[in-house]
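# Structural overview
In case you want the letters, here they are:
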Amino acid sequence: DAGVIQSPRHEVTEMGQEVTLRCKPISGHNSLFWYRQTMMRGLELLIYFNNNVPIDDSGMPEDRFSAKMPNASFSTLKIQPSEPRDSAVYFCASSFGVAGELFFGEGSRLTVL
Amino acid sequence: TQLLEQSPQFLSIQEGENLTVYCNSSSVFSSLQWYRQEPGEGPVLLVTVVTGGEVKKLKRLTFQFGDARKDSSLHITAAQPGDTGLYLCARLNDYKLSFGAGTTVTVRA
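Scope of this entry: the structure provided in the associated data block.

What counts as what
Positions within a chain are numbered from 1, following the residues in the order the chain's sequence is written. Each chain gets a letter, beginning with A, and each ligand a number, beginning with 1, in the order they are written. Local features in a predicted model are, by the rule used here, given only for residues with pLDDT of at least 70; side-chain atom pairs are given and counted only at 80 or more, and totals for whole chains, interfaces and linings are based on all residues. Calculation of side-chain values draws on the structure's entire complement of heavy atoms; hydrogens and water are dropped beforehand. Relative accessibility decides the category of a residue: with a 1.4 Å probe and only protein chains considered, values under 20% of the type maximum give buried, values over 50% give exposed, and everything between is partly exposed. Only DSSP runs of H or I covering at least 4 residues are called helices, and only runs of E covering at least 2 are called strands; the numbering of each starts at the N terminus. Strands are treated as partners if at least two bridges between them are detected by DSSP. For this text, the term disulfide refers to a pair of cysteine sulfurs within 2.5 Å. Axis lines are fitted through C-alpha atoms, for helices just across the contact stretch, and the angle between N-to-C directions can take any value from 0 to 180 degrees. The rule for a salt bridge is simple: a side-chain nitrogen of Lys or Arg has to be within 4 Å of a carboxyl oxygen of Asp or Glu.

### Quick look at the pairing of strand β11 (residues 103–108) of chain B
Residues and elements named next belong to chain B. The alternating pattern of β11 places T103, V105 and V107 on a buried face and T104, T106 and R108 on a face that is not buried. Of the pairings in the sheet, the one linking strand β2 (residues 10–14) to β11 comprises five bridges and is parallel in character. Each residue of the ladder has a partner; that of S12, found in β11, is T106. Pairing of strand β9 (residues 85–93) with β11 involves three bridges; the strand directions are antiparallel. Bridge pairing in β11 places L86 opposite T104.

Okay, here's the thing in C-alpha cells:
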C-alpha cells in the first residue's frame, strides 16, 4: 500500500516566490495534518483537516500561509510570499479518526534563499 | 503551555550497549506516543501508552509510562546501528498531537 505521498521532496526558491507543497493522504483516512519541522522549534502542527474541512489552523504562522483540501485525496500548503525563515521540512500526515495512528509522508524540504 | 521535555538531547553509544531516553511533562498525559524518525524520512509510530504504570515491549525496546502519567521512558537493550534515529515522544490532546524536541540517538558499529 502506498503511504502518504508528498511533493516536491526538495524545493529551493528565492525570497518572495510562491511555494506550493502537495500531499496525497492514505486512502480511507479522514484526518490530515500539516506539520513543520525545524532544528529550533521541532515539529509544529500547522493545520488539521477532518473530512476535508479545516478544523484548527491556529498553528499557521501568518497570512502568508494557506492550506486547502479540495477532496479526500489531495491537500496543498501554500506560502506566498516565501521568506528565508520559512525554510524547514514540511510534513503531511494522515490518520483514520482523530486519535488513530498518524502516518507521515517523507516530507518536503524547503529552502528559501 | 503543556510542554514535553525530552532528555538527553543527544546520545551516542557503541553497538551492544543499552540506552534510556526520557520524556517528562508537568501535566498529566491522557496518552503518550513514541515515534522514531530516521534521516530524510517522517516519524514512524513505535508505541502508544495509555495506562499509568504501563510497560510495553517491542523486541529490544521497552516503554514505560509513569504511574502518575506525567513521564515516560524508552529503554533499548543491546542497541544496534539500525536503532540510530531521532526518538520523539508526543502527547495527544483531543486531535492535536504535540511533540517533544526529541533525542538524537547514534549507535556506532
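Still more to cover.
### Considerations on the state of the cysteines
Overall, the coordinates contain two disulfides over all chains when judged by the stated rule. Shown here is the disulfide that connects C23 of chain A with C92 of chain A, its sulfur atoms set 1.9 Å apart. Taking the torsion about the sulfur-sulfur bond, which here is approximately -65°, the covalent link between C23 of chain A and C92 of chain A counts as left-handed. Of this pair, C23 of chain A sits in strand β3 (residues 19–24) while C92 of chain A sits in strand β9 (residues 88–95), and the two are 69 residues apart along the sequence. The exposure class assigned to C23 of chain A is buried, which follows from its relative accessible area of 1%. Disulfide pairing places C23 of chain B opposite C89 of chain B at an S-S distance of 2.0 Å. For the disulfide bridge between C23 of chain B and C89 of chain B, the dihedral angle about the S-S bond is near 75°, and by the sign convention the bridge is right-handed. Of the two residues, C23 of chain B sits in strand β3 (residues 19–24) while C89 of chain B sits in strand β9, which places them 66 residues apart along the sequence.

### Remarks on unusual backbone geometry
The residue after S7 of chain A, namely P8 of chain A, is reached through a cis peptide bond having omega -10°. Mapped onto the elements of the fold, P8 of chain A is located in the loop between β1 (5–7) and β2 (10–13). For the peptide bond that leads from Q80 of chain A to P81 of chain A, omega is -5°, which places it in the cis range. If you trace the backbone, P81 of chain A turns up in the loop between β8 (74–79) and β9. One non-glycine residue, K59 of chain B, lies in positive phi territory at about 55°. Its location among the elements puts K59 of chain B in the loop between β6 (55–58) and β7 (61–65). With phi around 50°, A78 of chain B is a residue other than glycine that occupies positive phi space. Residue position: A78 of chain B is located in the loop between β8 (71–76) and β9.

### Digging into the sheet that holds β3 of chain B
All names here are of chain B. Spatial ordering of the open sheet is given by β1-β3-β8-β7-β6, a layout of five strands whose pairing is antiparallel. Each edge of the open sheet is held by one strand with a lone partner, namely β1 (5–7) and β6. Geometrically, the sheet is characterised by an average inter-axis angle of 15° between neighbouring strands, direction not taken into account. One ladder, built from three bridges, connects β1 with β3; its direction is antiparallel. Directly across from S7, in β3, lies its bridge partner Y22.

### Here's the deal with the pattern of salt bridges
Residue and element names in this part refer to chain B. All told, the structure shown has 12 salt bridges over all chains when counted by the stated rule. Note that E54 is salt-bridged to K56, the shortest N-O span being 3.7 Å. Overall, K56 belongs to the partly exposed group, its relative accessible area being 30%. For R60, the salt bridge goes to D83, with nearest N and O atoms at 2.9 Å. Pair noted here: R60 is in the loop between β6 and β7 and D83 is in the loop between β8 and β9, with a separation of 23 residues, a long-range link. On the basis of relative accessible area, R60 is assigned to the partly exposed category, the value being 25%.

So yeah, pure geometry; function would need other evidence.
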